[in-house]
Amino acid sequence: MSFFPPSAPMRSFPVITTAHPLSCGIAMRPGGAAAASTAWATANQARYVPFLIPDPFLVRKLLAYNGATTGGNTDMGVYDENGAEVVGIAAAAQSGTSAWQEFDVTDTWLVPGLYYVGLLNTTTTGTYYAYANKELGRMAGVFSQAVGAATLPSPTATFAALDAYGVPVVGMSSRVLI
Amino acid sequence: MFSPPGAVMPMPMCVGAVTSLFGAWSSGYAESATAPASATGITANQALYVPFVVTKPTTWTQGWWYNGSVGANQGNVAVGIYDESGNRLATTGAVAAAGNSVIQQATFAASVLLNPGVYYMAYEPSASGVNATTGYSASLPRGKFAGCYTQAVGSHPLPATATFATWASFVMPLFGIARTSFAI
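Residues numbered from 1 in each chain as written. Chains lettered and ligands numbered in written order. Predicted model: local features only at pLDDT ≥ 70, side-chain atom pairs only at ≥ 80, totals over all residues.

Looking only at helices and strands, chain A has two helices and 14 strands in total. For a compact globule of 178 residues, the expected C-alpha radius of gyration is about 16 Å, and chain A comes in at 16 Å, within 12% of that figure. Counting only C-alpha atoms, chain A reaches 60 × 35 × 30 Å along its principal axes. Considering only intrachain contacts with a sequence separation of at least 6, the fraction spanning at least 24 residues in chain A is 84%. (Helix = DSSP H or I, 4+ residues; strand = E, 2+ residues; numbered from the N terminus. Rg over C-alpha atoms; globule rule 2.2 N^0.38 Å. Contact = placed C-beta atoms within 7 Å.)

What chain B contains, in helices and strands, is two helices and 14 strands. A compact globule built from 184 residues should have a C-alpha radius of gyration of about 16 Å, and chain B, at 16 Å, falls within 12% of that. If one aligns the C-alpha atoms of chain B with their principal axes, the spans along those axes are about 60 × 35 × 30 Å. The long-range share in chain B, meaning contacts at least 24 apart out of those at least 6 apart in sequence, stands at 81%.

A word on the sheet that holds strand β2 (residues 37-39) of chain B. All names here are of chain B. If you trace the three strands from one edge of the open sheet to the other, you get β2-β10-β13, paired in antiparallel fashion. Of all the strands in the sheet, just β2 and β13 (171-173) have a single pairing partner and so form its edges. The sheet shows a mean angle of 65° between the axes of neighbouring strands, direction not considered. (Pairing = 2+ DSSP bridges. Axes fitted to C-alpha atoms, helices over the stretch in contact; angles between N-to-C directions.)

Residues and elements named next belong to chain B. Read from one edge to the other, the open sheet built from four strands follows the order β1-β14-β4-β8, with strand pairing classed as antiparallel. One side of each edge strand has no neighbouring strand; the edge strands of this open sheet are β1 (14-16) and β8 (103-114). The sheet shows a mean angle of 25° between the axes of neighbouring strands, taken without regard to direction. Where strand β4 (residues 58-66) meets strand β14 (residues 175-178), four bridges bridge the pair, whose relative direction is antiparallel. Bridging from a neighbouring strand, Gly-63 pairs with Ile-177 of β14.

A separate point is the environment of Tyr-79 of chain A. All names here are of chain A. Residue placement: Tyr-79 occurs in strand β5 (residues 73-80). A residue is classified by how many C-beta atoms lie within 10 Å of it, and Tyr-79, with 27 of them, is buried. Along the primary structure Tyr-79 and Val-117 are separated by 38 residues, whereas in three dimensions their C-alpha atoms are 6.4 Å apart. In this structure Tyr-79 touches Tyr-48, Ala-84, Glu-85, Val-86, Tyr-115, Tyr-116, Gly-118 and Ala-157, once residues within four positions along its chain are discounted. (Buried ≥ 20, exposed ≤ 12 C-beta atoms within 10 Å, placed from the backbone.)

Let us now look at the confidence of the model for chain A. Counting all residues, the mean pLDDT for chain A is 91, and 92% of those residues have values of 70 or more. In the model, residues 1-6 of chain A has pLDDT below 50 throughout and makes seven contacts with residues more than four positions away in sequence or in other chains. (pLDDT = per-residue confidence, 0-100.)

All names here are of chain B. Take Ala-78: it is sitting in strand β5 (residues 76-82). Of the residues examined, Ala-78 has 23 C-beta atoms within 10 Å and is grouped as buried. A C-alpha to C-alpha distance of 5.3 Å links Ala-78 and Gly-93, two positions 15 residues apart in sequence. Apart from residues lying up to four places away in sequence, Ala-78 is in contact with Thr-91, Thr-92, Gly-93, Ala-94, Val-95, Glu-124, His-156, Pro-157 and Leu-158.

Before going further, it helps to examine the nonpolar core. Ranked by size, the top nonpolar core spans 101 residues in total, and within it Val-117 of chain A together with Tyr-49, Val-50 and Ala-122 of chain B carry the most contacts. Excluding its chain neighbours within four sequence positions, the residues that come into contact with Ala-122 of chain B are Ala-47, Leu-48, Tyr-49, Val-79, Gly-80, Tyr-82 and Leu-158 of chain B. (Core = buried A, V, L, I, M, F, W, Y, C linked by C-beta atoms within 7 Å.)

Here the focus is the pairing of strand β3 (residues 46-54) of chain B. Residues and elements named next belong to chain B. Alignment of β3 against strand β11 (residues 149-152), held across four bridges, turns out to be antiparallel. The residue of β11 that forms the bridge with Tyr-49 is Tyr-149. Where β3 lies against strand β9 (residues 117-125), seven bridges are found, and the strand directions are antiparallel. Bridge assignment links Val-54 to a residue of β9, and that residue is Gly-117.

Turning to the confidence of the model for chain B, a few remarks are in order. On average, residues of chain B carry a pLDDT of 89, and 92% of them reach 70 or more. Within the model, the stretch residues 1-5 of chain B combines pLDDT values under 50 with five contacts to residues more than four positions away or in other chains.

As a further point, take unusual backbone geometry. Along the chain, Ser-154 of chain A connects to Pro-155 of chain A via a cis peptide bond; the corresponding omega equals 15°. Topologically, Pro-155 of chain A is positioned in the loop between β11 (143-146) and β12 (160-161). Note the cis peptide between His-156 of chain B and Pro-157 of chain B, where omega equals 0°. Of note, Pro-157 of chain B is situated in the loop between β11 and β12 (165-166).

Quick look at the structure:
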(Lines give C-alpha, C1' and ligand atoms only; values in the text may rest on other atoms or scores of the structure.)
Protein backbone atom coordinates (compact mmCIF):
# COMPACT_ATOMS: atom_id res chain seq x y z
CA MET A 1 0.00 0.00 0.00
CA SER A 2 1.41 3.36 -0.91
CA PHE A 3 1.98 5.86 1.79
CA PHE A 4 0.06 9.12 1.82
CA PRO A 5 0.56 11.53 4.67
CA PRO A 6 -2.69 12.87 6.06
CA SER A 7 -1.79 16.34 4.97
CA ALA A 8 1.17 18.01 3.41
CA PRO A 9 2.39 20.36 6.09
CA MET A 10 4.41 23.44 5.33
CA ARG A 11 7.99 22.58 6.24
CA SER A 12 10.58 24.77 7.81
CA PHE A 13 13.53 25.61 5.62
CA PRO A 14 17.13 25.16 6.80
CA VAL A 15 17.73 28.91 6.73
CA ILE A 16 14.92 31.39 7.24
CA THR A 17 15.40 35.12 6.95
CA THR A 18 13.29 38.25 7.08
CA ALA A 19 12.79 38.00 3.33
CA HIS A 20 11.21 34.53 3.53
CA PRO A 21 7.42 33.99 3.26
CA LEU A 22 7.55 32.41 6.72
CA SER A 23 8.75 35.78 8.01
CA CYS A 24 8.02 39.20 6.46
CA GLY A 25 8.78 38.40 2.84
CA ILE A 26 5.31 38.81 1.47
CA ALA A 27 4.76 42.05 3.31
CA MET A 28 8.05 43.72 2.52
CA ARG A 29 8.61 42.65 -1.07
CA PRO A 30 7.94 43.12 -3.93
CA GLY A 31 5.65 46.01 -3.12
CA GLY A 32 8.11 47.88 -0.96
CA ALA A 33 11.62 49.02 -1.63
CA ALA A 34 14.53 46.59 -1.41
CA ALA A 35 16.51 46.30 1.80
CA ALA A 36 19.36 48.78 2.12
CA SER A 37 22.16 49.53 4.55
CA THR A 38 20.59 51.56 7.35
CA ALA A 39 22.08 53.04 10.51
CA TRP A 40 20.58 51.54 13.65
CA ALA A 41 19.30 55.02 14.57
CA THR A 42 18.73 54.41 18.28
CA ALA A 43 21.34 52.98 20.61
CA ASN A 44 20.24 50.01 22.71
CA GLN A 45 17.03 49.63 20.74
CA ALA A 46 15.68 46.16 19.95
CA ARG A 47 13.66 45.17 16.91
CA TYR A 48 11.81 41.85 16.82
CA VAL A 49 11.12 40.13 13.50
CA PRO A 50 8.45 37.37 13.40
CA PHE A 51 9.13 33.85 12.16
CA LEU A 52 6.48 31.16 11.66
CA ILE A 53 7.92 27.74 12.46
CA PRO A 54 5.60 25.07 11.04
CA ASP A 55 7.51 22.01 12.22
CA PRO A 56 10.26 21.36 14.76
CA PHE A 57 13.30 23.49 13.99
CA LEU A 58 16.77 23.15 15.50
CA VAL A 59 18.29 26.59 15.92
CA ARG A 60 22.04 26.44 15.58
CA LYS A 61 22.88 29.94 14.41
CA LEU A 62 21.40 33.39 14.34
CA LEU A 63 22.21 35.75 11.52
CA ALA A 64 22.35 39.51 11.06
CA TYR A 65 22.92 41.12 7.69
CA ASN A 66 25.43 43.88 8.40
CA GLY A 67 25.36 47.05 6.35
CA ALA A 68 28.15 49.19 4.95
CA THR A 69 29.43 50.43 8.33
CA THR A 70 29.93 48.52 11.53
CA GLY A 71 29.77 49.86 15.05
CA GLY A 72 29.12 48.82 18.61
CA ASN A 73 28.00 45.40 19.75
CA THR A 74 25.29 43.19 18.32
CA ASP A 75 23.01 41.11 20.50
CA MET A 76 20.50 38.62 19.13
CA GLY A 77 18.00 36.21 20.59
CA VAL A 78 14.92 34.15 19.91
CA TYR A 79 11.69 34.89 21.76
CA ASP A 80 8.35 33.13 21.74
CA GLU A 81 5.14 34.92 20.87
CA ASN A 82 4.65 35.97 24.50
CA GLY A 83 8.09 37.57 24.64
CA ALA A 84 9.77 34.81 26.63
CA GLU A 85 13.42 34.34 25.72
CA VAL A 86 14.19 30.95 24.18
CA VAL A 87 17.86 31.23 23.33
CA GLY A 88 20.36 34.01 22.71
CA ILE A 89 23.87 34.68 21.56
CA ALA A 90 26.69 36.15 23.60
CA ALA A 91 26.71 39.81 22.55
CA ALA A 92 29.69 40.56 20.33
CA ALA A 93 31.24 43.35 18.32
CA GLN A 94 29.59 43.93 14.99
CA SER A 95 32.02 42.64 12.41
CA GLY A 96 32.07 42.45 8.61
CA THR A 97 30.48 44.90 6.22
CA SER A 98 27.74 44.14 3.71
CA ALA A 99 27.79 40.53 4.80
CA TRP A 100 25.98 38.11 7.06
CA GLN A 101 27.43 37.90 10.55
CA GLU A 102 26.84 34.47 12.04
CA PHE A 103 26.38 33.81 15.73
CA ASP A 104 26.45 30.41 17.36
CA VAL A 105 23.80 29.60 19.91
CA THR A 106 23.22 26.61 22.11
CA ASP A 107 21.49 24.17 19.81
CA THR A 108 17.83 24.57 20.68
CA TRP A 109 14.70 22.92 19.30
CA LEU A 110 11.76 25.17 18.54
CA VAL A 111 8.37 23.51 18.60
CA PRO A 112 5.96 24.78 15.93
CA GLY A 113 4.75 28.26 16.66
CA LEU A 114 5.32 31.96 16.22
CA TYR A 115 8.72 33.26 17.28
CA TYR A 116 10.65 36.49 17.08
CA VAL A 117 14.32 37.04 16.32
CA GLY A 118 15.48 40.05 18.30
CA LEU A 119 18.34 42.29 17.20
CA LEU A 120 19.99 45.04 19.26
CA ASN A 121 22.93 47.33 18.63
CA THR A 122 24.60 49.51 21.23
CA THR A 123 25.22 52.46 18.92
CA THR A 124 23.49 54.65 16.37
CA THR A 125 26.30 54.19 13.85
CA GLY A 126 26.25 50.46 13.25
CA THR A 127 24.33 49.62 10.09
CA TYR A 128 22.26 46.62 9.04
CA TYR A 129 20.35 45.87 5.90
CA ALA A 130 16.76 46.83 6.53
CA TYR A 131 13.46 47.45 4.79
CA ALA A 132 12.63 51.09 5.34
CA ASN A 133 8.84 50.95 5.11
CA LYS A 134 7.79 51.04 8.73
CA GLU A 135 4.08 50.68 8.00
CA LEU A 136 4.59 47.50 5.99
CA GLY A 137 6.65 46.22 8.88
CA ARG A 138 3.80 46.92 11.27
CA MET A 139 1.46 44.94 9.02
CA ALA A 140 3.88 42.05 9.20
CA GLY A 141 3.83 42.15 13.00
CA VAL A 142 7.35 43.46 13.58
CA PHE A 143 7.89 45.05 16.99
CA SER A 144 10.53 47.11 18.74
CA GLN A 145 11.54 47.94 22.30
CA ALA A 146 13.57 50.75 23.85
CA VAL A 147 15.67 48.41 25.98
CA GLY A 148 18.04 51.04 27.33
CA ALA A 149 20.74 48.45 27.98
CA ALA A 150 23.53 46.88 25.98
CA THR A 151 21.92 43.48 25.71
CA LEU A 152 18.51 42.15 24.80
CA PRO A 153 16.06 41.71 27.68
CA SER A 154 16.19 38.44 29.56
CA PRO A 155 14.05 36.57 30.30
CA THR A 156 11.18 38.60 28.83
CA ALA A 157 10.85 41.08 25.99
CA THR A 158 8.17 43.75 26.03
CA PHE A 159 6.90 44.16 22.51
CA ALA A 160 5.89 47.64 21.39
CA ALA A 161 4.85 49.20 18.11
CA LEU A 162 7.63 49.28 15.53
CA ASP A 163 9.66 52.48 15.48
CA ALA A 164 10.73 54.42 12.42
CA TYR A 165 13.82 52.34 11.65
CA GLY A 166 11.98 49.71 9.68
CA VAL A 167 12.61 45.98 9.51
CA PRO A 168 16.15 44.58 9.84
CA VAL A 169 17.23 41.59 7.79
CA VAL A 170 17.95 38.79 10.24
CA GLY A 171 17.74 35.04 10.13
CA MET A 172 17.99 31.73 11.89
CA SER A 173 19.68 28.58 10.67
CA SER A 174 19.41 24.92 11.49
CA ARG A 175 22.70 24.33 9.69
CA VAL A 176 26.20 25.13 10.79
CA LEU A 177 27.52 25.65 7.28
CA ILE A 178 25.63 28.45 5.61
CA MET B 1 -0.49 2.24 7.79
CA PHE B 2 1.63 4.78 9.55
CA SER B 3 0.31 8.30 9.40
CA PRO B 4 2.44 10.98 11.01
CA PRO B 5 0.49 13.80 12.55
CA GLY B 6 0.26 16.75 10.23
CA ALA B 7 2.04 19.85 11.40
CA VAL B 8 -0.18 22.83 12.02
CA MET B 9 0.97 26.04 10.47
CA PRO B 10 1.14 28.63 13.27
CA MET B 11 -0.70 31.93 12.93
CA PRO B 12 1.07 35.29 12.83
CA MET B 13 0.10 38.25 15.04
CA CYS B 14 -1.27 40.18 12.08
CA VAL B 15 -2.99 38.97 8.95
CA GLY B 16 -3.31 41.42 6.10
CA ALA B 17 -5.57 41.05 3.11
CA VAL B 18 -2.63 41.81 0.90
CA THR B 19 0.53 41.51 2.94
CA SER B 20 0.29 38.11 4.59
CA LEU B 21 0.81 34.54 3.55
CA PHE B 22 -2.64 33.93 5.03
CA GLY B 23 -4.47 36.64 3.08
CA ALA B 24 -5.81 35.75 -0.32
CA TRP B 25 -4.80 38.90 -2.11
CA SER B 26 -1.14 38.19 -1.42
CA SER B 27 -1.16 36.50 -4.81
CA GLY B 28 -2.13 39.77 -6.44
CA TYR B 29 0.43 41.59 -4.35
CA ALA B 30 3.18 39.23 -5.34
CA GLU B 31 2.18 39.75 -8.92
CA SER B 32 2.40 43.50 -8.55
CA ALA B 33 5.67 45.18 -9.40
CA THR B 34 4.91 48.46 -7.75
CA ALA B 35 4.88 49.70 -4.19
CA PRO B 36 1.55 50.38 -2.52
CA ALA B 37 0.58 54.02 -2.71
CA SER B 38 -2.19 56.39 -1.83
CA ALA B 39 -5.07 55.36 -4.01
CA THR B 40 -8.17 57.03 -5.38
CA GLY B 41 -11.16 55.04 -6.42
CA ILE B 42 -12.61 53.32 -3.39
CA THR B 43 -16.39 53.39 -3.37
CA ALA B 44 -18.36 54.79 -0.48
CA ASN B 45 -20.41 52.20 1.39
CA GLN B 46 -18.97 49.33 -0.64
CA ALA B 47 -17.74 46.40 1.44
CA LEU B 48 -14.67 44.48 0.33
CA TYR B 49 -14.38 40.86 1.45
CA VAL B 50 -11.01 39.09 1.25
CA PRO B 51 -10.59 35.42 2.15
CA PHE B 52 -8.05 34.43 4.77
CA VAL B 53 -7.11 31.12 6.32
CA VAL B 54 -7.00 30.19 10.00
CA THR B 55 -4.88 27.13 10.73
CA LYS B 56 -5.32 26.82 14.49
CA PRO B 57 -7.75 28.27 17.05
CA THR B 58 -6.87 31.93 17.55
CA THR B 59 -8.57 34.90 19.12
CA TRP B 60 -8.69 38.10 17.08
CA THR B 61 -9.00 41.43 18.80
CA GLN B 62 -8.40 44.25 16.36
CA GLY B 63 -8.87 45.49 12.84
CA TRP B 64 -6.47 47.83 11.06
CA TRP B 65 -6.14 49.71 7.82
CA TYR B 66 -3.55 51.89 6.13
CA ASN B 67 -4.76 55.44 5.65
CA GLY B 68 -3.81 57.21 2.45
CA SER B 69 -2.19 60.62 2.25
CA VAL B 70 -5.61 62.10 3.05
CA GLY B 71 -6.89 59.39 5.33
CA ALA B 72 -9.90 61.33 6.52
CA ASN B 73 -11.30 61.16 2.99
CA GLN B 74 -12.50 57.66 3.82
CA GLY B 75 -14.96 59.17 6.27
CA ASN B 76 -15.70 56.37 8.69
CA VAL B 77 -14.11 52.95 8.30
CA ALA B 78 -15.28 49.57 9.53
CA VAL B 79 -13.24 46.38 9.53
CA GLY B 80 -14.79 43.04 10.35
CA ILE B 81 -14.66 39.27 10.03
CA TYR B 82 -17.26 37.05 8.33
CA ASP B 83 -17.65 33.33 8.00
CA GLU B 84 -18.07 31.62 4.65
CA SER B 85 -21.83 31.94 4.92
CA GLY B 86 -21.61 35.69 5.30
CA ASN B 87 -22.32 35.88 9.00
CA ARG B 88 -20.52 38.74 10.70
CA LEU B 89 -18.35 37.45 13.55
CA ALA B 90 -16.55 40.61 14.59
CA THR B 91 -16.59 44.29 13.74
CA THR B 92 -14.91 47.50 14.77
CA GLY B 93 -18.08 49.43 14.05
CA ALA B 94 -17.76 52.82 12.38
CA VAL B 95 -14.48 54.53 13.25
CA ALA B 96 -13.54 57.99 12.00
CA ALA B 97 -10.44 57.72 9.82
CA ALA B 98 -7.66 59.84 11.27
CA GLY B 99 -4.03 60.25 10.33
CA ASN B 100 -2.32 60.30 6.97
CA SER B 101 -0.14 57.55 5.51
CA VAL B 102 -0.15 55.56 8.73
CA ILE B 103 -1.81 52.43 10.01
CA GLN B 104 -4.89 53.00 12.14
CA GLN B 105 -6.14 50.35 14.54
CA ALA B 106 -9.49 49.76 16.19
CA THR B 107 -10.53 47.03 18.59
CA PHE B 108 -13.42 44.77 17.74
CA ALA B 109 -16.57 45.34 19.76
CA ALA B 110 -15.99 41.80 20.97
CA SER B 111 -12.96 39.67 20.26
CA VAL B 112 -13.65 36.45 18.40
CA LEU B 113 -12.18 32.97 18.62
CA LEU B 114 -11.83 31.47 15.17
CA ASN B 115 -11.37 27.77 14.60
CA PRO B 116 -9.42 26.52 11.60
CA GLY B 117 -11.14 27.36 8.35
CA VAL B 118 -11.67 29.98 5.70
CA TYR B 119 -13.06 33.35 6.67
CA TYR B 120 -13.42 36.77 5.10
CA MET B 121 -11.95 39.97 6.43
CA ALA B 122 -14.00 42.99 5.45
CA TYR B 123 -13.33 46.69 4.93
CA GLU B 124 -15.91 49.37 4.27
CA PRO B 125 -15.43 53.15 4.01
CA SER B 126 -18.29 55.59 4.23
CA ALA B 127 -16.71 58.05 1.78
CA SER B 128 -14.61 57.91 -1.34
CA GLY B 129 -12.33 60.91 -1.43
CA VAL B 130 -9.02 61.40 -3.18
CA ASN B 131 -6.05 59.50 -1.74
CA ALA B 132 -8.22 58.16 1.04
CA THR B 133 -6.50 54.84 1.42
CA THR B 134 -3.17 53.19 0.74
CA GLY B 135 -3.22 50.18 -1.49
CA TYR B 136 -3.22 49.21 -5.11
CA SER B 137 -5.13 50.50 -8.05
CA ALA B 138 -5.78 47.16 -9.65
CA SER B 139 -7.70 45.69 -12.51
CA LEU B 140 -10.77 43.65 -11.65
CA PRO B 141 -9.25 40.23 -12.44
CA ARG B 142 -6.81 40.55 -9.57
CA GLY B 143 -9.55 40.61 -7.00
CA LYS B 144 -11.42 37.82 -8.72
CA PHE B 145 -8.51 35.43 -8.96
CA ALA B 146 -7.91 35.92 -5.27
CA GLY B 147 -11.46 34.86 -4.46
CA CYS B 148 -12.50 38.27 -3.15
CA TYR B 149 -16.02 39.63 -3.07
CA THR B 150 -17.60 43.03 -2.86
CA GLN B 151 -21.02 44.24 -1.83
CA ALA B 152 -22.74 47.55 -2.50
CA VAL B 153 -24.00 47.86 1.04
CA GLY B 154 -25.43 51.34 0.54
CA SER B 155 -25.08 52.15 4.21
CA HIS B 156 -22.44 52.08 6.89
CA PRO B 157 -20.98 50.24 8.79
CA LEU B 158 -20.66 46.59 7.76
CA PRO B 159 -23.87 44.53 7.57
CA ALA B 160 -24.71 41.80 10.05
CA THR B 161 -25.07 39.41 7.13
CA ALA B 162 -23.00 39.85 4.01
CA THR B 163 -24.37 39.26 0.55
CA PHE B 164 -21.30 38.30 -1.38
CA ALA B 165 -21.13 39.54 -4.97
CA THR B 166 -18.57 39.43 -7.74
CA TRP B 167 -15.53 41.59 -7.09
CA ALA B 168 -16.11 45.12 -8.38
CA SER B 169 -13.41 47.34 -6.92
CA PHE B 170 -10.52 48.93 -8.74
CA VAL B 171 -8.69 49.49 -5.48
CA MET B 172 -7.40 46.99 -2.96
CA PRO B 173 -6.66 48.79 0.30
CA LEU B 174 -4.12 47.48 2.76
CA PHE B 175 -6.12 46.33 5.75
CA GLY B 176 -6.30 43.36 8.04
CA ILE B 177 -6.80 41.96 11.51
CA ALA B 178 -4.57 41.35 14.52
CA ARG B 179 -4.59 39.16 17.58
CA THR B 180 -2.47 41.42 19.76
CA SER B 181 -3.73 43.30 22.79
CA PHE B 182 -1.26 46.08 22.08
CA ALA B 183 -0.41 48.37 19.21
CA ILE B 184 1.14 46.87 16.14
